[in-house]
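The residues making up each chain are set out below.
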Amino acid sequence: FVPLSRSPQLMINAARMGTYLRFGNSLPRDVSEFAILLVSRRWTQQYEWYVHAADGKTAGLNDAIIQADADGRRPEGMSEGMEIVYDFSNELNDFHSVTDRTYARMVAKYGEQGMMDLVGLNGYYSMISMVLNVGRTPLPPGNSPALKPFPK
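Enquirer: I tried to follow the pattern of salt bridges on my own but got confused; where do I start?
Expert: In a structure, side chains of opposite charge can pair up when their charged atoms sit close to one another. Per the stated rule, a full pass over the model turns up eight salt bridges. With a closest N to O distance of 2.4 Å, Asp55 and Arg22 form a salt bridge. Linking Asp55 in helix α3 (residues 46–59) with Arg22 in helix α1 (residues 8–24), this pair joins segments that are 33 residues apart in sequence. The salt bridge involving Arg73 is made with Asp71; its shortest N-O contact spans 3.0 Å. Overlapping salt bridges bring together Arg74, Asp87 and Arg105 as one network.

Enquirer: Help me out: how do you make sense of unusual backbone geometry in this one?
Expert: Excluding glycine, residues mostly carry a negative phi; peptide bonds, for their part, are mostly trans. Non-glycine residue Thr44 carries a positive phi angle of around 45°. Although it is not a glycine, Arg136 sits at a positive phi angle of roughly 55°. With respect to the secondary-structure elements, Arg136 resides in the segment after α6 (100–134).

Rules used throughout
- In this convention, every chain numbers its residues from 1, walking through the sequence in written order.
- Predicted model: local features are reported for residues with pLDDT of at least 70 only, side-chain atom pairs are reported and counted for 80 or more only, and whole-chain, interface and lining totals are derived from all residues.
- Where side-chain values are given, they derive from all heavy atoms of the structure, hydrogens and water being excluded.
- Just to be clear on terms, a salt bridge is a Lys or Arg side-chain nitrogen sitting within 4 Å of an Asp or Glu carboxyl oxygen.
- Strands are runs of DSSP state E lasting at least two residues, helices are runs of H or I lasting at least four, and both sets are numbered from the N terminus onward.

See below:
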């Protein structure tokens, strides 16, 4: 949050939203961390990846899913819930909306609140990734970037 300190009120409000989305949203913890990793990969945000790859492992994500995401590949062996979150998040970010089918699958699995919490995770962590990228936020000393830039 160091870069956000340049706008104290934005930082305070972002912290409140971030606390809910990271620790209190209605999605299962592994699914929530998976969604955050998808956003971190999309933005090639090294610091966010560093934090949430570890949190994802703690929440139960396996190394193969985390590595596939790091590589920009659709992970194999995802649970049904993670497949829905993967499709929903990618459609939302690529097309700025989701298909009726994807919306219905998300709501059937996680409810209206879970669907909106996933929208919030995508939006919030996109903003945080932007802030950290613009702020040139470094990794902690002794850590190497885990994400390679996407080809242009």
